[in-house]
Amino acid sequence: MGSRVLASGLFTLMLSCSEGKRAESPRPVEVEAVALHPSEIRATGEYLGALLSRQSVTVMPQVAGYVRKIHVRPGQQVEAGQPLLEVDSREQTAALESAQAQERSTQVNLALARRTQTRTESLFKEGLASAQEMERAAAAVDAAEAATRSAAAQVSQRTVLLGFSVVRAPFAGTVGEVRVRLGDAVSATTDLTRVAQANVLEVSVAVPGERARALRPDTPMEVLDTQGRVLIASSLFYIAPQADPVTQLVEVKAAFRNTVGLRPSELVRARLVFASGQALQLPAVAVVRQSGQPFAWVLRDSGGRTVVERRPVTLGVLGEGTYVVEAGLSPGDRVAVSSLQSLRDGAPVTVKDASRAPAVTDAGLAGGCL
């Protein structure tokens, strides 16, 4: 009898403890949450771009001779008109002196012809010279004047050629490799060096024809570093009117002021922004999947408490850590971004705001390549 009373008491105690546990509410899970708001999304394509100098020339001496002095070194910055090197000018100097002597001779002949014409005119007035002699004197003056003009032109030509013996920079820029040495014989077409201006560069990109149709002269272009960070941004100023017949690619160009030390002929990553707009972006860490279907834990108020609701979503392209939301969420919705595996539909939570602001998402397009 006593044992039955003891067993009954133990059963009553266990039943009351079990009912007490059922009466206890589940402990809220602490989660971090972010509020969703529309932010910028861009349709972009990444390509390989070549940097071109807007001013780059091969410097030639335009006279023959040997190199007698070099004033610059490779990589040196020069100003417009600054001497680069000198070619031996003795031959040109001698030719100039000969032309000047010829000019003086023709000037003497011209002066003599004019005096002869003056005397012939005086004799003609007195009847001591014939009209034929007058004509010969006038013709002699005309011939002497023509010879003088020719000699003067020769002097000007030789002076110009003598000036070419000092090779000068055509514009301010950077000197390339100097391809000659002291004493080298050069001709008028010898490649001496190059001068390139790197202050303003162009980026040339070849784009597939179907992508080029979406471009316009003010389409943004960004030059990226190896980490994908934007070095410099500009916009297109040139879109080729026709595609390359071999590659079927369309050349586009953008110009920018070189403030980051890029060099002509360098290959860079270039990103074209085909379009931009506003869309909701869901952090990738907020997405849970079940049987291939993506879900997000959305926070809502229920009876004075904050609970979570598992909501199916339709996702678009994946950007830098965020998905574009196509359906399932609305502006202002708060979604959990932590403790996702501990959540259950309708479970209460305590919220700690997460400092996660969706960045600009670049939606890569097919056809971009590096």
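Please read these numbers as outputs of a predicted model, since none were measured by experiment.

Some points on the sheet that holds strand β6 (residues 166–168)
Then, number 1: Read from one edge to the other, the open sheet built from four strands follows the order β6-β5-β3-β8, with strand pairing classed as antiparallel. Taken across any chain shown, the strands that pair with only one partner, and hence form the sheet edges, are β6 and β8 (185–186).
Then, number 2: The pairing of strand β5 (residues 83–87) with β6 spans three bridges and is classified as antiparallel. Within β6, the position partnered with E86 by the bridge is V166.

Section: the sheet that holds strand β19 (residues 322–327)
By way of backbone hydrogen bonds, the strands of a sheet pair with one another, either parallel or antiparallel.
Then, number 1: Strand order across the open sheet formed by three strands is β14-β19-β18, with antiparallel pairing between neighbours. Each edge of the sheet is formed by a strand with only one pairing partner; in this case those strands are β14 (281–283) and β18 (314–318). Taken over all neighbouring pairs, the strand axes of this sheet differ in orientation by 45° on average, direction set aside.

A few points about the nonpolar core
Then, number 1: V203, V205, L215, M221, V252, F256 and L272 are the most contacted members of the largest nonpolar core, which has 22 residues in total.
Then, number 2: Core analysis: the next-biggest nonpolar cluster, separate from the first, contains 18 residues, V78, L85, V87 and V180 among them.

A word on the pairing of strand β11 (residues 230–239)
Then, number 1: Bridge analysis of strand β10 (residues 220–224) against β11 gives five bridges, and the strand direction is antiparallel. Residue pairing for β11: M221 is matched across the bridge by S234.
Then, number 2: Hairpin connection, β10 to β11: the antiparallel pair is bridged by five residues, and G228 has positive phi, about 90°.
Then, number 3: Bridge analysis of β11 against strand β12 (residues 249–257) gives three bridges, and the strand direction is antiparallel. If you follow L236 over to β12, its bridge partner there is A254.

Focus on unusual backbone geometry
Then, number 1: In the Ramachandran plot, S265 falls in the positive-phi region, its phi being about 75° despite a non-glycine side chain.
Then, number 2: Checked against the element boundaries, S265 lands in the loop between β12 and β13 (267–279).
Then, number 3: Residue class for S265 comes out exposed when judged on its relative accessible area of 65%.
Then, number 4: With a phi close to 55°, S339 is a non-glycine residue in the positive phi region.

Comments concerning the packing of aromatic side chains
Then, number 1: This structure, assessed with the given rule, holds zero aromatic pairs.
Then, number 2: In this structure, K253 packs its charged tip against the face of Y238, placed 5.7 Å from the ring centre.

Quick look at the layout of surface pockets
One simple way to see leftover space: roll a probe sized like a water molecule over the atoms.
Then, number 1: A volume near 370 Å³ is recorded for the largest pocket.
Then, number 2: In terms of lining residues, the largest pocket is bounded by 19 residues, among which T174, A196, A198, R263 and P264 are the most central.
Then, number 3: Secondary structure elements with two or more residues in the lining of the largest pocket: β2 (39–59), β7 (173–175) and β9 (193–208).
Then, number 4: Residues that form the lining of the largest pocket fall into these classes: seven nonpolar, ten polar and two charged.
Then, number 5: Viewed by domain, the lining of the largest pocket spans two of them, domain 2 (45–55 + 197–275) and domain 3 (56–186), each represented by three or more residues.

So, the pattern of salt bridges
Then, number 1: For the coordinates displayed, the defined rule picks out 13 salt bridges.
Then, number 2: Note that E46 and R269 form a salt bridge whose closest N and O atoms lie 2.6 Å from each other. Pair noted here: E46 is in strand β2 and R269 is in strand β13, with a separation of 223 residues, a long-range link.
Then, number 3: Since its relative accessible area comes to 22%, R269 is described here as partly exposed.
Then, number 4: Between E222 and R271 there is a salt bridge, with its nearest N and O atoms 2.7 Å apart. With E222 in strand β10 and R271 in strand β13, the pair connects residues that are 49 residues apart, well separated along the chain. R271 carries the same exposure label as E222, and that label is buried.

Examining helix α3 (residues 131–163)
Three- or four-residue spacings in an α-helix give side chains the same orientation, since the helix completes a turn every 3.6 residues.
Then, number 1: Look at α3: 48 Å from first C-alpha to last across 33 residues, which is about the 48 Å you get at 1.5 Å a residue.
Then, number 2: Within the sequence span of α3, burial applies to A137, V141, A144, T148, A151, V155 and L161.
Then, number 3: Residues of α3 that are buried sit in contact with α2 (90–125).

What counts, and at which threshold
Think of each chain on its own: its residues are numbered from 1, step by step along the sequence as written. For this predicted model, a pLDDT threshold of at least 70 governs which residues receive local features, and a threshold of 80 or more governs which side-chain atom pairs are given and counted, while totals over whole chains, interfaces and linings are taken from all residues. Only hydrogens and water are set aside; all other atoms, that is, all heavy atoms of the structure, feed into the side-chain values. Two strands are counted as paired when DSSP detects at least two bridges linking them. A run of H or I in DSSP becomes a helix once it reaches four residues, and a run of E becomes a strand once it reaches two; helices and strands are each numbered from the N terminus. Axis definition: a line fitted to C-alpha atoms, over the contacting stretch in the case of helices. Angles run 0 to 180 degrees between N-to-C directions. We define the nonpolar core as a collection of buried residues of types Ala, Val, Leu, Ile, Met, Phe, Trp, Tyr and Cys that are connected through side-chain atoms lying within 4.5 Å of one another. Think of it in three bands: with a 1.4 Å probe and only protein chains considered, a residue is buried below 20% of the maximum accessible area for its type, exposed above 50%, and partly exposed in between. Only centres within 6.5 Å qualify two rings of Phe, Tyr or Trp (six-membered ring in Trp) as a pair; their planes then separate them into stacked at under 30 degrees, edge-to-face at over 60, and tilted for everything else. Here, over-ring charges are defined by two tests on the NZ atom of lysine or the CZ atom of arginine: distance to the ring centre within 6 Å, and angle to the ring normal within 35 degrees. Using a grid of 1 Å spacing that covers the protein atoms alone, one calls a set of points a cavity when a 1.4 Å probe fits there but cannot get out, and a pocket when the set is open and has protein on both sides within 12 Å along at least five of seven lines; lining residues are those with an atom within 4 Å of a point. Grid points are joined across faces, edges and corners, and a volume is the space filled by probe spheres set on the points. Polar here means any residue other than Ala, Val, Leu, Ile, Met, Phe, Trp, Tyr, Cys and Pro, which are nonpolar, and Asp, Glu, Lys and Arg, which are charged; Gly is therefore polar. In this document the domain limits rely on a domain assignment from an automatic tool or a database. Salt bridge, as used here, is a side-chain nitrogen of Lys or Arg placed within 4 Å of a carboxyl oxygen of Asp or Glu. Given the number of residues in a helix, its expected span is that number minus one, multiplied by 1.5 Å. Working rule for contacts: check all heavy atoms of both residues, and any pair within 4.5 Å makes them a contact.

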